[in-house]
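Below are the chains, spelled out letter by letter.
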Amino acid sequence: MILALKALRMNNLIIITKYFFLIMLLPIISISQESSIAYINAGNEFLQQKKYAESIEMFDKAIELSPLEPRYYIYRGVAKYYMQEYKEAIIDFTRTIEIQPDYAEAYNLRGIAKGDLGDKDGACSDWHKAYDLGYMSVIKLIQEFCIDE
């Protein structure tokens, strides 16, 4: 019985310690998320102004703070795409897919970039995947570029 009480106390201490550290980290996590959102907002503002290099810098900072947020790679990939850095854009769209495999828009965008590089098969494969995931607007691209006559 005494051993059971000691084990229970130890288990509670471990649980309390875990929650204590989690509670202590929450403000840091919150600040990090707020900062990354501020960088994303700034990056999107630069993107609208067609200041692509500046937008990429902002997206880079957001990604540093939140490296597992798939949308941030999409945003940076779009900026790289507009700079005609198609291979780099594909890398970002692929990273999005690695983080969130069901992100249909990432397949669509990666397909567009692949198409601009002349990789018709890769583009069509990505567009079909986007369609399979429910991204219906990609059907026009599939009909135009992927159906052999």
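To be clear, the structure that these remarks concern was listed above.
All of these numbers come straight from a predicted model, not from anything done at the bench.

> Account for the packing of aromatic side chains, naming residues and giving values.
Applying the stated criterion to the full structure yields five aromatic pairs. Seen from their ring centres, Phe59 and Tyr75 are 5.9 Å apart, and the 35° between their planes marks the pair as tilted. Of the two residues, Phe59 is situated in helix α2 (residues 52-65) and Tyr75 in helix α3 (residues 70-82); the sequence distance between them amounts to 16 residues. Of the residues examined, Tyr75 reaches a relative accessible area of 23% and is grouped as partly exposed. Ring geometry for Tyr81 versus Tyr82: centroids 6.1 Å apart, planes at 70°, classification edge-to-face. Residue Tyr81 is classed as partly exposed on the basis of its relative accessible area, which comes to 22%. For Tyr82, a relative accessible area of 47% translates into the label partly exposed. An aromatic cluster of three or more residues is present, and its members are Tyr52, Tyr81, Tyr82 and Tyr86. Over the ring of Tyr73 we find Arg95; its NZ or CZ atom is 5.8 Å from the centre of that ring.

> Before we move on, could you go through helix α4 (residues 86-99) and cite the residues and values that matter?
With 14 residues, α4 should cover 20 Å at 1.5 Å per step; its first-to-last C-alpha distance of 20 Å lies within 8% of that length. Buried residues along α4 sit in contact with α3 and α5 (104-116).

> Residues and numbers for the nonpolar core, please.
Judged by nonpolar contacts, the single largest core of 28 residues is most densely connected at Ile74, Val78, Phe93 and Trp127. Where this core is concerned, the elements lending two or more residues are α1 (2-48), α2, α3, α4, α5, α6 (120-132) and α7 (139-146). Contacts of Trp127, omitting those with residues within four sequence positions, involve Tyr107, Asn108, Gly111, Ile112, Val138, Leu141, Ile142, Phe145 and Cys146.

> Could you give an account of the pattern of salt bridges, with specific residues and numbers?
It is possible for side chains bearing opposite charge to pair when their charged atoms get close. In total, this model carries seven salt bridges according to the counting rule given. Measuring nitrogen to oxygen at the nearest pair gives 3.2 Å for the salt bridge that ties Asp92 to Lys80. Taken together, the positions of Asp92 in helix α4 and Lys80 in helix α3 put the pair 12 residues apart, joining distant regions of the chain. A relative accessible area of 1% places Asp92 in the buried class. Taking the shortest distance from any N to any O, the salt bridge between Asp126 and Lys114 comes out at 3.2 Å.

Cut-offs used in this document
Residues numbered from 1 in each chain as written. Predicted model: local features only at pLDDT ≥ 70, side-chain atom pairs only at ≥ 80, totals over all residues. Heavy atoms only, no water. Phe/Tyr/Trp six-rings, centres within 6.5 Å; stacked < 30°, edge-to-face > 60°. Helix = DSSP H or I, 4+ residues; strand = E, 2+ residues; numbered from the N terminus. Buried < 20%, exposed > 50% of the residue type's maximum accessible area, 1.4 Å probe, protein only. Lys NZ or Arg CZ within 6 Å of the ring centre and 35° of its normal. Expected span 1.5 Å × (residues − 1). Contact = heavy atoms within 4.5 Å. Core = buried A, V, L, I, M, F, W, Y, C linked by side-chain atoms within 4.5 Å. Salt bridge = Lys/Arg side-chain N within 4 Å of Asp/Glu carboxyl O.

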